[in-house]
Amino acid sequence: MGSFIQYDQTAQSPYYNYWQNNTEHEVWFEDARSIQAKLLLAKEYGLRGISVWNIMQYFPQLWMVLNALFEIEKICG
């Protein structure tokens with residue numbers, strides 16, 4: 001049987017559980033809702049910037065939400 005994605009309202013993040021070798025695993029990950037919650041929290045606290053570390057897989061929802069909430073300014077060294 002497959003796993004069902006759930007959404008934790010307190011953590012503002014999706015997750016799912018699965019069993020392997022008699023051990024339950026819990027996997028938390030990002031989606032557009034969780035990214036938006038984090039970015040709005042940064043905005044609420046008046047942070048002047050954020051940093052993103054994305055390993056191995058392009059995450060288009062991140063950039064769509066980021067561009068919708070903020071004016072992106074590229075600063076060259």
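Whatever comes next refers back to the structure up there.
Residues numbered from 1 in each chain as written. Predicted model: local features only at pLDDT ≥ 70, side-chain atom pairs only at ≥ 80, totals over all residues. Heavy atoms only, no water.

**With respect to the sheet that holds strand 2 (residues 13-20)**
- Strand order in the open sheet formed by three strands is 1-2-3, with antiparallel pairing between adjacent strands. Looking at which strands have only one partner, the edges of the open sheet turn out to be strand 1 (6-8) and strand 3 (23-28). Looking at each pair of strands side by side, their axes are set apart by 35° on average, direction ignored.
- Where strand 2 and strand 3 come together, six bridges link them in antiparallel fashion. Among the inter-strand pairings, Tyr18 is bridged to a residue of strand 3, identified as His25.
- Together, strand 1 and strand 2 form the strand contacts of helix 1 (residues 32-44), whose direction differs from that of strand 2 by roughly 135°. (Pairing = 2+ DSSP bridges. Helix = DSSP H or I, 4+ residues; strand = E, 2+ residues; numbered from the N terminus. Axes fitted to C-alpha atoms, helices over the stretch in contact; angles between N-to-C directions. Contact = heavy atoms within 4.5 Å.)

**Description of helix 1**
- Across its 13 residues, helix 1 extends 18 Å between first and last C-alpha, which sits within 8% of the 18 Å expected from 1.5 Å per residue.
- Among all positions of helix 1, only Ser34, Ile35, Leu39 and Ala42 are buried. An end-on view of helix 1 places all buried positions within 130° of arc, on one side of the element.
- Those residues of helix 1 hidden inside the fold are in contact with strand 1, strand 2 and helix 2 (60-69).
- Note on helix 1: the residue one or two positions beyond its end, Gly46, has a positive phi of about 70°. (Expected span 1.5 Å × (residues − 1). Buried < 20%, exposed > 50% of the residue type's maximum accessible area, 1.4 Å probe, protein only. Arc of directions from axis to C-beta.)

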